[in-house]
Amino acid sequence: PKATDASVAGYISSRASEEQKSDCKALMATLRPVTKEMPTMWGPSIVGYGTCNYTYDSGGTGEMCRTGFATRGRDLVVYLLAEGKEQQALLAKVGKHKMGKSCLYFKRLADIDMKILEQLVVGSLAQLKSRHG
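Residues numbered from 1 in each chain as written. Predicted model: local features only at pLDDT ≥ 70, side-chain atom pairs only at ≥ 80, totals over all residues. Heavy atoms only, no water.

> I keep staring at the nonpolar core and nothing clicks. Help me out?
A general trend in soluble globular proteins is that nonpolar side chains are found buried together. Judged by nonpolar contacts, the single largest core of 36 residues is most densely connected at Phe69, Val78, Leu80 and Leu117. Contacts of Leu117, omitting those with residues within four sequence positions, involve Leu27, Val78, Leu80, Val94, Leu104, Leu109 and Ile112. (Core = buried A, V, L, I, M, F, W, Y, C linked by side-chain atoms within 4.5 Å. Buried < 20%, exposed > 50% of the residue type's maximum accessible area, 1.4 Å probe, protein only. Contact = heavy atoms within 4.5 Å.)

This is how it looks when you write it as structure tokens:
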């Protein structure tokens, strides 16, 4: 997805349940100071922070937010890298979740340790920086 001029508040109000709305606000309150970036919509459904340019193994290039979140049905998703021993150790302590390639899925923030989530995002940003500058 590409960064757009769509409204972050509009996305959250139209897509999120009441519980998710307050969780989204809490995520924004955490991600804004960690990334030092304002939230921007990426495509129709990702609230993203910052920009990362990357190169595929094939040589093609792309652009994506450095981190972000989305509502996906009943789940919330935080986009982050969780590679390496330190990130894996944090994942083991973050709370009830499922991890995809770069997607941390959970039902509600009440299931997650926010301090650990913040550490995961910080670690992910460091991994992105070392990999893609």
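> What is the right way to look at the pairing of strand S5 (residues 67–72) in this model?
The two faces of the sheet receive side chains in turn, since in a regular strand these alternate between them. The element S5 is largely enclosed, with a buried count of 5 among its 6 residues. In this sheet, S5 lies alongside strand S2 (residues 46–49) in antiparallel orientation, the contact comprising 3 bridges. By the bridge assignment for S5, Val47 is matched with Phe69. As paired strands, S5 and strand S6 (residues 75–79) are joined by 5 bridges and run antiparallel to one another. (Helix = DSSP H or I, 4+ residues; strand = E, 2+ residues; numbered from the N terminus. Pairing = 2+ DSSP bridges.)

> I keep staring at the environment of Leu27 and nothing clicks. Help me out?
Relative to the helices and strands, Leu27 is located in helix H2 (residues 18–35). For the pair Leu27 and Gly68, spaced 41 residues apart in the sequence, the C-alpha separation amounts to 9.0 Å. The residues touching Leu27, leaving out its near neighbours within four places in the chain, are Phe69, Val78, Leu109 and Leu117.

> Got a minute to help me understand the pattern of salt bridges in this structure?
Working definition: two side chains of opposite charge can pair if their charged atoms are close together. Under the criterion given, the structure shown has 6 salt bridges. A salt bridge links Glu37 to Arg66, with the shortest nitrogen-to-oxygen separation between them at 3.9 Å. A residue pair is termed long-range when its members are at least 10 positions apart, and Glu37 in the loop between H2 and strand S1 (39–42) and Arg66 in the loop between strand S4 (61–64) and S5 qualify at 29 residues. Residue Glu37 is classed as partly exposed on the basis of its relative accessible area, which comes to 30%. For Arg108, the salt bridge goes to Asp111, with nearest N and O atoms at 3.3 Å. In this structure Arg108 comes out as partly exposed when scored by relative accessible area, which is 31%. Here Asp111 falls in the partly exposed class, since its relative accessible area comes to 24%. Each member of the salt-bridge network shares a partner with another, and the members are Glu19, Arg108 and Asp111. (Salt bridge = Lys/Arg side-chain N within 4 Å of Asp/Glu carboxyl O.)

> Looking at this structure, I do not really get H2. What am I missing?
Think of an α-helix as 3.6 residues a turn; residues three or four steps apart then line up on the same face. For H2, which comprises 18 residues, the first-to-last C-alpha distance of 26 Å matches the rise-based estimate of 26 Å (1.5 Å per residue) to within 8%. Residues of H2 that are buried include every one of Gln20, Asp23, Cys24, Leu27, Thr30, Leu31, Val34 and Thr35, and no others. When H2 is viewed along its axis, its buried side chains cluster within an angular range of 135 degrees and face the same direction. Opposite its buried face, H2 presents the exposed residues Glu18, Lys25 and Ala29, each directed more than 90 degrees away. Taken together, the buried residues of H2 touch helix H1 (8–15), S2, S5, S6 and helix H4 (114–132). (Expected span 1.5 Å × (residues − 1). Arc of directions from axis to C-beta.)

> Explain the sheet that holds strand S7 (residues 98–99) to me, please; I cannot follow it from the model alone.
Strands belonging to one sheet form pairs held by backbone hydrogen bonds; the direction of such a pair is parallel or antiparallel. Strand order in the open sheet formed by 6 strands is S1-S2-S5-S6-S8-S7, with antiparallel pairing between adjacent strands. Looking at the sheet topology across the chains shown, the edges are occupied by S1 and S7. Relative to the sheet, H2 contacts S1, S2, S5 and S6, its axis offset from that of S5 by approximately 170 degrees. (Axes fitted to C-alpha atoms, helices over the stretch in contact; angles between N-to-C directions.)

> What is the right way to read the packing of H1 against H2 from this model?
Two quantities define a packed helix pair, namely the angle between the axes and the distance from one axis to the other. One way to put it is that H1 packs onto H2 with a least axis distance of 9 Å and a crossing angle of 150 degrees. Between H1 and H2, the crossing angle belongs to the class labelled roughly antiparallel. In the crossing of H1 with H2, the sense of the turn from one axis to the other is right-handed. Taking contact as the criterion, the partners of Val8, Ile12, Ser13 and Arg15 in H1 are, on H2, Gln20, Lys21, Cys24 and Met28. For the contact of H1 with H2, the residue count by class is 4 nonpolar, 2 polar and 2 charged. (Parallel < 35°, antiparallel > 145°, perpendicular 65-115°, else oblique. Left-handed = near helix turned anticlockwise from the far one by under 90°. Nonpolar A, V, L, I, M, F, W, Y, C, P; charged D, E, K, R; others polar.)

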